[in-house]
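Fold and geometry: a report
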Amino acid sequence: MAYTWQYYDLVLFGIAASMSLGAGVGVLTRISLPVAIIAAGIVASVIIGHGLFVNGPVDEPRDLTNEVEAFN
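Residues numbered from 1 in each chain as written. Predicted model: local features only at pLDDT ≥ 70, side-chain atom pairs only at ≥ 80, totals over all residues. Heavy atoms only, no water.

Considerations on helix α2 (residues 33–54)
For α2, which comprises 22 residues, the first-to-last C-alpha distance of 30 Å matches the rise-based estimate of 32 Å (1.5 Å per residue) to within 8%. Considered for burial, the residues of α2 that qualify are A36, A40, A44, G49 and G51. Those residues of α2 that are buried are in contact with α1 (7–28). (Helix = DSSP H or I, 4+ residues; strand = E, 2+ residues; numbered from the N terminus. Expected span 1.5 Å × (residues − 1). Buried < 20%, exposed > 50% of the residue type's maximum accessible area, 1.4 Å probe, protein only. Contact = heavy atoms within 4.5 Å.)

The structure is reproduced here in structure tokens:
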């Protein structure tokens, strides 16, 4: 059975890629490392925000009221 990429796999990849790219830009260009990391962090925050609020892990708001069986 082959693995299929899910949306949240891409979210995690996007976070790691943006932070890595920011570090690379900070090290390899004249842009200072703190500025590059902050800019990459802003991009990562946007990706996280999209994953949480725009395309959240629930289908409907009432799904948030479901009990978790593991804790009962």
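Let's pick the thread back up.
Some points on the environment of L10
The topology assignment puts L10 in helix α1. Distance in space between the C-alpha atoms of L10 and G51 is 9.6 Å, their sequence separation being 41 residues.

Quick word on the environment of L52
Tracing the sequence through the fold places L52 in helix α2. Looking at L52, the relative accessible area reads 47%, which means it is partly exposed. Between the alpha carbons of L52 and Y8 there is a distance of 9.9 Å; along the sequence they are 44 residues apart.

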